[in-house]
Amino acid sequence: MEELQEREDRIIKIDIENEMKSAYIDYSMSVIVSRALPDVRDGFKPVHRRVLYAMNEMNNVYSQPTKKSAKAVGEVLAKYHPHGDSSVYMTLVRLAQPWNLRYPMVDGQGNFGSIDGDSPAAMRYTEARLTEIAGEMLRDIEKETVDFQNNYDDTTLEPTVLPTRIPNLLVNGVSGIAVGMATNMPPHNLTECIDGCVAYIDSKGEIPVEELIRYVKAPDFPTGGLIYGYAGVKEALLTGRGRVVMRARTEIETDAHGRETIVVTEIPYQVVKSQLVQDIAQLVTDRRIEGISNITDVSSGKGGLRVEIEVKRDANASVVLNHLFKLTALQSYFSVNNIALVNGRPRQLNLKELIHYFVEHRHDVVTRRCRFELRKAQERAHILEGLLIAVDNIDEVIRIIRSSENTNQAMERLCERFALTEIQARAIVDMRLRALTGLERDKLRAEYEELEKTIHRLQELLSNDDLLMELIKEELIEIKEKYGDERKTEIVFSSEEFNPEDFYADDEMIITISHLGYIKRTPLSEFRSQARGGIGSKGSTTREEDFIEYIYSASMHATLLLFTTKGRCHWLHVYEIPEGAKNTKGRAIQNILDIDPDDRITACIRIKKLEKDQEFINSHYLIFATQQGLVKKTLLEAYSRPRSKGVNAINLNEGDRVVTVRLTNGNAEILLANRNGRAIRFHESKVRAMGRIATGVRGITLDDDDDAVVGMVALKHPEEESLLVVSEGGYGKRSLLDTYRTTNRGGKGVKTMQITEKTGRLVDFRAVTDELDLMIINKSGVVIRMPMESISTIGRATQGVRLINLASREDEIASVCSVAREEDTADKAWAKEGGSEKDTEEWSPAGKAESVEEDSREELSDEHTV
């Protein structure tokens, strides 16, 4: 019982929760301080420091032949780093890889891996030595410039930090994962970093971090490439955290046959080239990237990195490249997190703080070096003083030594005779006879005088901090002149965010919307121009009860303002519309925009630069026309702030709906036409500007309840445009504006087309020019395209000419659209057929639509409405 009681008395009871918490904190601090995070002074983790120090102690330096890597690893393991040999060897390997370190610290001989991710050869096969710049990390270490501590078994000493002359943490960067924190610091250019340090010294530490950015502009990666955008870089330099966008350096080469090839010559930092090539090939296989026919890696040791990506003939190389940037590591991100140990504690540091602690470290190192050198100089001067006394009294010195029984007696007698110290007396006793020659005496005096100057200079440095900082600055400049080089990574001052427009060529598209609300975009070139009176070609495959109702033309980069019959406004980029062939159905608008099931798109305004041109949107107007004959005028600026769910564009009366919306410059002639073939003309100034949700004023008085407005025209260039009317029966004509007299708004207007049973009532009314093509689609889905100049210009009161032959009496015109064409192509095609009205398959594609001139305010936008 007594033994049991004694055992229980020896047991210390503790709370397991507190013990686990304490043990984990101890473990995490050990990882943070002794393994994962670098010291802010030399930029090294303990393992890197130990590798360099061990190789230096072995005299495995740049001026000596290389030695087996296994020897260096064994030295590190035996004396300083009792961990696995693979971790030490991989540290040595990384220090030798020029694609990982901006300024390698180890000169490797043999297979040290490759940028393709290949593993290095075993350490028994490779050899290594320190590089010359690594010598600057260890320079003056023997002069008591840094503190030393016992190694893991107390058998030797190792440095706690290296007396580096280069700002290694900045120039080579570091990455590491600790417990609860991590660090990821990019490499920088040595020249820029030293320029920043010099500027910091010149300002005595008063320079703001914003000014330092002028010197240390951005990271400089060993693999080169581009830094795309500066916002993330600036944030990282100012705060210590940020995201740097890296891009590969690429060129688009064109051979003699016109085939384009994307050539990659530099890749982002820490990207494995072989994996990058495989990823691109896989994307092509999976059809996630179109337009690539082949990819070849032709990199070589002499020619450098070169990956060739062949582009198909019908593809746009710039568009393909932008897709590669988005989907592959050709564009990568470096997340900067500048965490380093400051006085043994982890801290997040900005650029100025990193430079401050390095300069502070250099100040400490140089101060300690000066003290060491001063002590050594004073000790040597003290000895020289005794030797010079002995030389001046050589005969007596020799007599005293010869008459002494032993060395100690001789030293004592010399000290008594010449008032020497023990150190001086020993130096005299140990002095060689050659020192008695005249030449040697002169050397002693010259050495003493030089030491006197050195002592005076060192004392000045230690007493004057400005002189000491000047010395630090001179040594930094010396390093820059010896090892400094040009930047490898180019800075591109552009937005680092993807611009969706970069992924689509700015081609002209035809936007089609069916009666049941299916939308798609189709390249304009898929539609062929035909003669007037032809039967057309199949334009879309839809359900039996559905038909194509609206057709608009717009370029891929345009923004569409879509207006619904209920008076709502929605925004949509053309490239956001799903693409489909001309015989496909498309996608339901409700799956793209937040539109009510019983609402439909009725008008579309194309704006080239909706959010970028404030002057334009504040000088142009939108004019609405409703089915009941009302018009409303509102400044375009009211519709320039897109919202995901749309906004109310106009307040409608009960039973009314929006028919059309037009863009004007404030000085347009407005014409409204109704189903019964009447039209009214008045100047835009007759309608005052109203708010976005106003109802509007009377534009035209309708004949009866069955009558309705079918279209509105806002003529900007009356001398160039004519008025086109199209009826249900496929008849149409063009008339000049002069044939319509100007009246006050609100009247009944004048006849614009002779309505008969054969022609049917009006379905469309628009302004056109000879340079356009007319596209007509009927409810059965048949499309015809014809040059506008083929349509006769006749009086406004006539019934017109047949534009399209309807397949049956029940069929009717569903939609009409005017699209731009290339004059040369269309004119040649029209001339080839002699202007005949027969059906033909010979028409060439209308091609790309007219371009929008950047310097023309009037041509920045266009609108297409049915």
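Residue indices follow the written sequence of each chain, beginning from 1 at its first position. Given that this is a predicted model, residues contribute local features only at a pLDDT of at least 70 and side-chain atom pairs are listed and counted only at 80 or more, while totals for whole chains, interfaces and linings are drawn from all residues. In computing side-chain properties, one takes all heavy atoms of the structure into account and sets aside hydrogens as well as water.

Examining the pairing of strand β22 (residues 559–564)
Exposure is judged per residue with a 1.4 Å probe applied to protein chains only, and the accessible area is read against the type maximum: over 50% gives exposed, under 20% gives buried, and values in between give partly exposed. Strands here mean DSSP runs of E at least two residues long; helices mean DSSP runs of H or I at least four residues long; both are numbered from the N terminus. Taken across its 6 residues, β22 has 6 buried, putting it largely inside the fold. Residues of β22 alternate between two faces, with T559, L561 and F563 on one and L560, L562 and T564 on the opposite face, all of them buried. Taken together, the 5 bridges between β22 and strand β23 (residues 568–573) define a ladder with antiparallel strand orientation. In the strand pairing of β23, L562 is matched with H570. Connecting β22 to the antiparallel partner β23 that follows it, the hairpin turn spans 3 residues, and G567 within it adopts a positive phi of roughly 85 degrees. Two strands make a pair as long as DSSP finds a minimum of two bridges between them.

Some details on the packing of helix α13 (residues 351–392) against helix α16 (residues 422–429)
A pair of packed helices is characterised by two quantities: the angle between their axes and the separation of those axes. Whenever a helix is involved, its axis is fitted only over the stretch in contact; in every case the axis is a line through C-alpha atoms, and angles between N-to-C directions fall within 0 to 180 degrees. Contact geometry for α13 and α16: axes closest at 8 Å, N-to-C directions at 55 degrees. Put simply, α13 runs oblique to α16. Both α13 and α16 take part in a crossing whose hand is right-handed. Counting all contacts with α13, which are made through H382, I383, E385, G386, L387 and A390, the residues of α16 involved are I423, Q424, A427 and I428. The residue makeup of the contact of α13 with α16, split by class, is 6 nonpolar, 3 polar and 1 charged. Our angle categories are set so that under 35 degrees counts as roughly parallel, over 145 as roughly antiparallel, 65 to 115 as roughly perpendicular, and the remainder as oblique. Crossings are assigned a handedness: left-handed for a near helix turned anticlockwise from the far helix by less than a right angle, right-handed for a clockwise turn. Throughout, a residue-residue contact means that at least one pair of heavy atoms, one from each residue, lies within 4.5 Å. Note on residue categories: nonpolar means Ala, Val, Leu, Ile, Met, Phe, Trp, Tyr, Cys or Pro, charged means Asp, Glu, Lys or Arg, and polar means any other residue, Gly included.

Comments concerning helix α2 (residues 16–36)
The span expected for a helix works out to 1.5 Å for each residue beyond the first. The first and last C-alpha atoms of α2 sit 28 Å apart over 21 residues, in line with the 30 Å expected at 1.5 Å per residue. Against β6 (174–177), β7 (182–185), β15 (339–342) and β16 (345–348) lie the buried residues of α2.

Some words on the confidence of the model for the protein
Per residue, pLDDT captures the predictor's confidence, and it can take any value from 0 to 100. Residue-level pLDDT values for the protein average 84, and 89% of them are 70 or greater. Of all the helices and strands in the protein, helix α20 (residues 823–832) carries the lowest mean pLDDT, 36, while strand β3 (residues 127–130) carries the highest, 97. Residue range residues 822–866 is modelled with pLDDT below 50. Its contacts to residues more than four positions away, or to other chains, number 114 contacts.

Structural notes on the sheet that holds strand β31 (residues 678–683)
The antiparallel open sheet is built from 4 strands, whose spatial order is β33-β30-β31-β36. Both outer strands of the open sheet, β33 (709–715) and β36 (750–751), are each paired with one neighbouring strand and no more. Here 6 bridges tie strand β30 (residues 669–674) to β33, and the two strands are oriented antiparallel to one another. If you follow I670 over to β33, its bridge partner there is A714.

Let's talk about the sheet that holds strand β10 (residues 249–254)
Spatial ordering of the open sheet is given by β10-β11-β13-β12, a layout of 4 strands whose pairing is antiparallel. Strands at the two margins of the open sheet, each flanked by one partner only, are β10 and β12 (292–297). Ignoring strand direction, the axes of neighbouring strands in this sheet form an average angle of 20 degrees. In this structure, β10 lies alongside strand β11 (residues 260–266), joined through 6 bridges in antiparallel fashion.

What to know about the pairing of β31
For β31, the tally of buried residues reaches 5 of 6 residues, placing the bulk of the element in the interior. Where β30 meets β31, 5 bridges bridge the pair, whose relative direction is antiparallel. Paired with A673 across the strands is A679, a residue of β31. Hairpin connection from β30 to β31: 3 residues lie between these consecutive antiparallel strands, with G677 at a positive phi of about 85 degrees. As defined by bridge partners, β31 adjoins β36 across 2 bridges and the pair is classed as antiparallel. Paired with R678 across the bridge in β36 is K751.

Comments concerning unusual backbone geometry
You will see that D140, though not glycine, has its phi angle at about 75 degrees, which is positive. Here D140 lies in the loop between α6 (132–138) and β4 (148–150). The exposure class of D140 is buried, given its relative accessible area of 7%. One non-glycine residue, N343, adopts positive backbone phi at about 55 degrees. Among the secondary structure elements, N343 is positioned in the loop between β15 and β16. Judged by relative accessible area, N343 falls into the exposed class, the value being 78%.

Topic: the side chain of D599
Considering the arrangement of structural elements, one finds D599 in the loop between β24 (587–588) and β25 (601–607). Put simply, D599 is tucked away with no salt bridge, and the nearest opposite charge, on K566, sits 5.7 Å away. Once you skip the residues sitting within four places of it in the chain, D599 turns out to touch T564, T565, K566, R568 and Q590. Under this rule, positive means Lys or Arg and negative means Asp or Glu; His and the chain ends count for nothing. Between Lys or Arg on one side and Asp or Glu on the other, a salt bridge is scored when a side-chain nitrogen of the former is within 4 Å of a carboxyl oxygen of the latter.

What to know about the side chain of N674
Here N674 shows up in strand β30. Taking the relative accessible area as the measure of exposure, N674 reaches 0% and is therefore buried.

Details of a nonpolar patch on the surface
A cluster of nonpolar side chains, I25, M29 and V33, forms an exposed patch at the surface whose accessible area comes to about 230 Å². The residue I25 is located in helix α2 in this model. Residues enter patches when their relative accessible area tops 30% and they take part in no salt bridge; the joining distance is 9 Å for like charges and 5 Å for the nonpolar side chains Val, Leu, Ile, Met, Phe, Trp and Tyr. Per-residue accessibility takes into account occlusion by the displayed protein chains alone, with areas from the Shrake-Rupley method and a 1.4 Å probe.

Thoughts on the environment of F418
With respect to the secondary-structure elements, F418 resides in helix α15 (residues 407–418). With a relative accessible area of 12%, F418 lands in the buried category. Here the alpha-carbon distance between F418 and N393, two residues 25 residues apart in the chain, equals 9.4 Å. Apart from the residues within four sequence positions on either side, F418 is in contact with I389, N393, E396, V397 and I400.

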